[in-house]
Every structure is written in structure tokens, then in C-alpha cells.
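Close look at the chain arrangement
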Amino acid sequence: MDNLYRVLIADDEPIIREGIREAMDWATLGMEVVGEAEDGEEALDRAVKLNVHVVLVDMNMPFLNGIELIRALQEQCPGVRYLIISGHDEFAYAQEAVRLGVEDYILKPVQADQLRAALERLRQRLDEEHQRTAYVRQAAEQIERNIPLLRQRFCQEWMKGQVDGNSLMEQLAFLHLPSVSPVQVGVVRWPAAEARQTILRENDRQLFLYAMENIIAELLGDHPHVLFRDASSVIGICLWQETPEEIALLLEQQISACLNIAVHAHVEPHRGTLEEVPGTYRHCREQVYEEVKLSPLVRRARQLIQEEYAERELTLESLASRLQVSAVYLSRVLKKELNDSFVTLVTHTRIRKAAQLLDSTSLPIHTIAERVGYDTQHYFSTAFKKTMGISPAQYRKNGGTDSSSAGSV
């Protein structure tokens with residue numbers, strides 16, 4: 001190592017301290033004497049202040065004897081190594097010191113060759129320990145640098161059901177992730193990247209996927225999350241803090257605006273255990289793959305409903321006009337592809353948003369009714385109860401209920 005090991009000589013006899021100091025070529029040993037002490041209390045104080053690596057301890061010192069000094073230093077400076085200097089009549093104390101983890105002991109009168117050999121052995125052990133510590137530190141730093149990649153690989157295995165309960169908790173802790181289930185799980189898929197006729201080079205595809213991940217991460221902001229690649233064109237999302245209900249739509253819009261590519265996103269709440277997260281994830285994947293079966297017209301109609309559900313003027317006719325098709329045709333394709341009428345799609349969207357506001361705000365019910373597009377509280381309450389099975393007031397009083405009956409758009 002570049003720096004010398006710092007040594008303190010503790011002995012109540014000045015001639016012994018001087019003899020030890022002068023008898024050794026400390027630099028050759030990779031050491032330097034940084035201090036001396038003539039009693040146990042002084043040795044304790046100086047060892048702490050000087051941050052020493054090695055203490056040469058006389059067993060028979062005033063105030064604190066060698067054993068007492070070692071015990072005190074083990075509490076305050078657990079990394080310090082000890083070499084005992086002992087008289088013949090203190091041999092039993094030296095044996096006790098060895099049981100305390102002392103490196104070696106030298107009997108008085110001190111022989112220079114014997115002391116040098118003991119110090120060389122001690123230096124070798126210190127070097128080995130220093131090297132081990134350096135390896136461990138380097139490994140820890142390497143792991144820390146790779147935490148994002150390790151999180152991605154862990155999530156890939158987790159979503160495939162390849163991580164069991166005990167290992168799951170351990171890995172979450174190791175990767176500095178919450179030890180509770182994600183509150184939301186999602187998927188973003190780029191279908192064009194999987195098309196056989198794609199002319200994208202692999203480098204370009206990877207650049208687009210990397211850009212997609214950056215856009216997703218920016219939109220998620222400070223929400224604790226992990227992004228990971230699932231398949232060649234699929235990015236998985238685990239979220240430990242709830243995002244707005246419309247996050248999937250925002251992801252699609254932002255990626256489209258920035259990269260001029262069409263993606264399908266689906267994010268849904270997870271209310272189960274850690275072991276059940278892969279099931280929620282699989283459902284998200286199924287949803288984005290189902291998107292391919294939808295026509296561009298239906299996808300655009302659904303997007304407009306999600307964006308403009310609060311507009312009282314939103315009607316089948318106004319939507320059809322914006323999409324430049326007839327109302328009859330739009331009604332037919334919505335029913336065929338989504339298995340719901342326009343009115344049902346709008347109602348479900350409004351009720352889902354209302355349930356979210358009831359859960360997360362203290363707004364009066366009449367205000368919530370207006371915010372989600374209803375003219376009167378009575379009409380809103382009727383629609384809410386028909387969809388959810390209970391009134392808005394009961395829903396809020398009960399602390400919310402499963403809104404899955406409100407369907408999805």
C-alpha cells in the first residue's frame with residue numbers, strides 16, 4: 001500500500017519504548033511510529049486520536065493494564081491490531097490477550113530479531129486484509145454501478161415467475177427497491193419493430209427503444225419505478241407510487257410526438273401480493289397485443305373519448321364528424337371491436353375518473369359530477385350507482401371499492 005501503517009508504542013518504561021523505536025527500520029517494515037504512551041489511559045486516548053493501525057502493548061501499565069486497554073480499544077477502534085510485550089510473570093495475561101484476538105506476543109527482554117519477525121507477520125496480515133477490503137469495496141462499487149441493469153434483469157425473471165417468495169424479498173432489499181408490491185404495472189409495445197417487413201437496422205431499433213425508455217422515465221418523474229425490456233419491442237414498467245389514470249395515454253402521445261412512431265401502452269393497478277405481480281403483468285401484455293386487432297379508427301375514437309370525456313358536448317355525432325365517418329358506421333365498429341356502445345364507453349370513462357376523484361380528493365359530489373361531464377348531480381349519481389353498484393356517497397364512505405366493474409376503454 002502507498003501509506004505506512006501507523007504504530008503506537010505503549011509501555012511504562014521509557015527505555016523500552018526508545019529501544020523498540022530505535023531497533024527497527026520501520027519504513028522497511030511498511031510502518032511508522034506515530035506516537036508513544038506511558039500508561040493505559042494515555043495509550044487509549046492517543047490510539048483513538050492518531051487513528052493507529054497497530055498498538056504494541058505492555059501488559060503491566062498503570063491505570064489500564066494491557067488486557068483492559070485492548071478491551072477498551074476493541075470497542076472504540078475495532079480495526080486495530082495488537083502485539084503484546086510481556087514479562088515472564090505475566091504470561092497468563094498474554095494467553096488471555098491471545099484469546100482476545102491479539103496477533104502475537106513478545107517476551108521481555110525484547111529481542112530485535114524476534115520483534116522484527118513478529119512485525120513482518122503482522123504487516124503481511126494487514127496487507128492481506130487491506131487487499132481483501134479493497135476487493136470487497138471494488139465489488140460493492142461495481143455492483144452499485146450496475147444496480148439499474150441488475151434491477152432490469154431481476155424484473156425480467158420476476159415477471160416470468162422465476163423468483164420465489166424468500167428470494168423475492170431478499171433481491172428487492174439488495175436492489176434498494178420497496179419490499180411491498182408495486183401499485184401499478186404496465187407495458188409499452190412498439191409493434192412496428194416486430195413487423196417482418198421492417199427495414200429498421202438493429203442499431204436504429206435499439207436507439208428508438210432507448211429513446212422510448214428515456215421518455216417514459218421522464219414522464220414518470222420521481223415516481224419510484226423500474227423499466228425493463230421484456231421482448232424485442234416491449235418495455236415493462238413496475239411502479240411503487242400511483243400515477244394518473246391517463247398515464248398510458250400520455251405515454252403513447254409523448255412517444256408519438258417525440259419519435260413519430262406508434263406505440264401501445266397499458267398500465268393498470270396491482271392490488272395483490274408480490275408473487276401475484278407477474279399475473280398483472282401478463283394481463284397488461286395481453287392488452288397491448290390485443291391493440292393490434294383494433295382498427296386505427298377505433299383507437300383514435302377511444303383516445304378522443306379518454307381525452308374529452310368531461311365535455312358535455314361529446315356525442316356520437318360530434319365524434320364521428322371529427323373522425324370524418326358517419327355516426328352509424330362509427331357506432332357499428334365500436335360495438336364490433338370493443339363490444340361496447342359509444343354511450344357505455346363514455347359512461348365508463350367518466351365513472352372511472354369520478355371514482356378516482358372520490359378516492360383522492362374531498363371535492364363535493366356535485367363538483368365531481370361537473371368535472372366528469374354531467375349536468376346534474378342526480379344524473380351523475382344514477383349513472384354511478386348503475387355502474388358501480390353503490391352511490392357516490394356510499395363509495396366515498398366505504399373508502400372506495402373495486403372499480404373493475406366500470407370496464408375499460
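Residues numbered from 1 in each chain as written. Predicted model: local features only at pLDDT ≥ 70, side-chain atom pairs only at ≥ 80, totals over all residues. Heavy atoms only, no water.

- By the naming in an unreviewed UniProt entry, the protein goes by Response regulator and is assigned to Paenibacillus cucumis.
- Annotation of the protein in UniProt includes, under Subcellular location (unreviewed entry), the sentence "Cytoplasm". (UniProt positions renumbered as here; feature names shortened; annotations may be inferred.)

Observations regarding the packing of aromatic side chains
- Inspection of the entire model under this criterion finds seven aromatic pairs.
- Ring centres 5.3 Å apart and planes at 45° place the aromatic pair Trp-190 and Phe-208 in the tilted group. Taken together, the residues span a long stretch of sequence, with Trp-190 in the loop between β6 (184–189) and α8 (202–220) and Phe-208 in helix α8 at a distance of 18 residues.
- Taking the centre distance of 5.6 Å and the plane angle of 50° together, the rings of Tyr-374 and Phe-380 count as tilted. The pair formed by Tyr-374 and Phe-380 is uniform in burial state, with each residue classed as buried.
- The aromatic ring of Tyr-374 is capped on one face by Arg-350, whose charged end is 5.4 Å from the ring centroid. (Phe/Tyr/Trp six-rings, centres within 6.5 Å; stacked < 30°, edge-to-face > 60°. Helix = DSSP H or I, 4+ residues; strand = E, 2+ residues; numbered from the N terminus. Buried < 20%, exposed > 50% of the residue type's maximum accessible area, 1.4 Å probe, protein only. Lys NZ or Arg CZ within 6 Å of the ring centre and 35° of its normal.)

What to know about the sheet that holds strand β8 (residues 234–239)
- Within the open sheet, the four strands sit side by side as β7-β8-β6-β9. Their pairing is antiparallel. Pairing within the sheet leaves two strands with one partner each, and these edge strands are β7 (225–229) and β9 (264–269). Sheet twist, expressed as the mean angle between neighbouring strand axes with direction ignored, is 15°.
- When β6 meets β8, the two strands line up antiparallel, connected through six bridges. Bridged to Arg-189 within β8 is Val-234. (Pairing = 2+ DSSP bridges. Axes fitted to C-alpha atoms, helices over the stretch in contact; angles between N-to-C directions.)

As for the layout of surface pockets
- A volume near 380 Å³ is recorded for the second largest pocket.
- Taken together, 18 residues make up the lining of the second largest pocket; nearest its centre are Val-343, Thr-347, Arg-350, Tyr-374 and Tyr-379.
- Among the elements of the structure, α14 (342–360) and α16 (377–388) are those that each provide at least two residues to the lining of the second largest pocket.
- Here the element with the most residues in the lining of the second largest pocket is α14; it accounts for seven residues. (1 Å grid on protein atoms, 1.4 Å probe; cavity = no way out; pocket = protein on both sides within 12 Å on 5 of 7 lines; lining within 4 Å. Points joined across faces, edges and corners; volume = space filled by probe spheres on them.)

Some words on the UniProt feature "modified residue: 4-aspartylphosphate" (unreviewed entry) in the protein
- In this structure's numbering, the residues bearing the UniProt feature "modified residue: 4-aspartylphosphate" (unreviewed entry) are Asp-58.
- When you line up the elements, Asp-58 lands in strand β3 (residues 54–58).
- If near-sequence neighbours (up to four positions away) are discounted, Asp-58 is found in contact with Ala-10, Asp-11, Asp-12, Gly-66, Ile-85 and Lys-108. (Contact = heavy atoms within 4.5 Å.)

A closer look at the side chain of Arg-81
- The residue Arg-81 is located in strand β4 (residues 81–86) in this model.
- Those residues in contact with Arg-81 that lie beyond four places of it in its chain are His-53, Val-54, Val-55, Glu-103, Leu-122, Arg-125, Leu-126 and Glu-129.

Points about the pattern of salt bridges
- Inspection of every chain in the model, using the stated rule, returns 14 salt bridges.
- The closest approach of N and O atoms between Lys-108 and Asp-11, which form a salt bridge, is 3.3 Å. Of this pair, Lys-108 sits in the loop between β5 (104–107) and α5 (112–145) while Asp-11 sits in the loop between β1 (5–10) and α1 (14–23), and the two are 97 residues apart along the sequence.
- Asp-11 gets classed as buried once you look at its relative accessible area, which sits at 1%.
- Residue Lys-108 pairs with Glu-13 through a salt bridge whose shortest N-O separation is 3.7 Å. Residue Lys-108 is located in the loop between β5 and α5, and its partner Glu-13 is located in the loop between β1 and α1; the two are separated by 95 residues in the primary sequence. (Salt bridge = Lys/Arg side-chain N within 4 Å of Asp/Glu carboxyl O.)

Notes on helix α2 (residues 40–50)
- Those residues of α2 that sit buried are Gly-40, Ala-43, Leu-44, Ala-47 and Leu-50. End-on, the buried residues of α2 take up no more than an arc of 155°, which puts them together on one face.
- As for α2, its buried residues are in contact with β1, β2 (31–37), β3 and α3 (66–76).
- At the N-terminal boundary of α2, the capping side chain belongs to Asp-39, with an oxygen 3.1 Å from the backbone nitrogen of Glu-41.
- Asn-51 lies just past α2 and shows a positive phi near 55°. (Arc of directions from axis to C-beta. Polar contact = N/O pair within 3.5 Å; in protein donor to acceptor, adjacent residues only side chain to side chain.)

So, the sheet that holds β4
- Spatially, five strands are ordered β2-β1-β3-β4-β5 in an open sheet, and the strand pairing comes out parallel. Strands at the two margins of the open sheet, each flanked by one partner only, are β2 and β5. Put simply, the sheet's adjacent strands are angled 20° from each other on average, direction ignored.
- Relative to β4, β3 runs parallel, the two sharing five bridges. Bridging across to β4, Asp-58 finds its partner in Ile-85.
- Along the sheet, α1 makes contact with β1, β2, β3 and β4, crossing β2 at roughly 170°.
- On top of the sheet, α2 reaches β1, β2 and β3; it is set at about 140° to β2, its chief contact.

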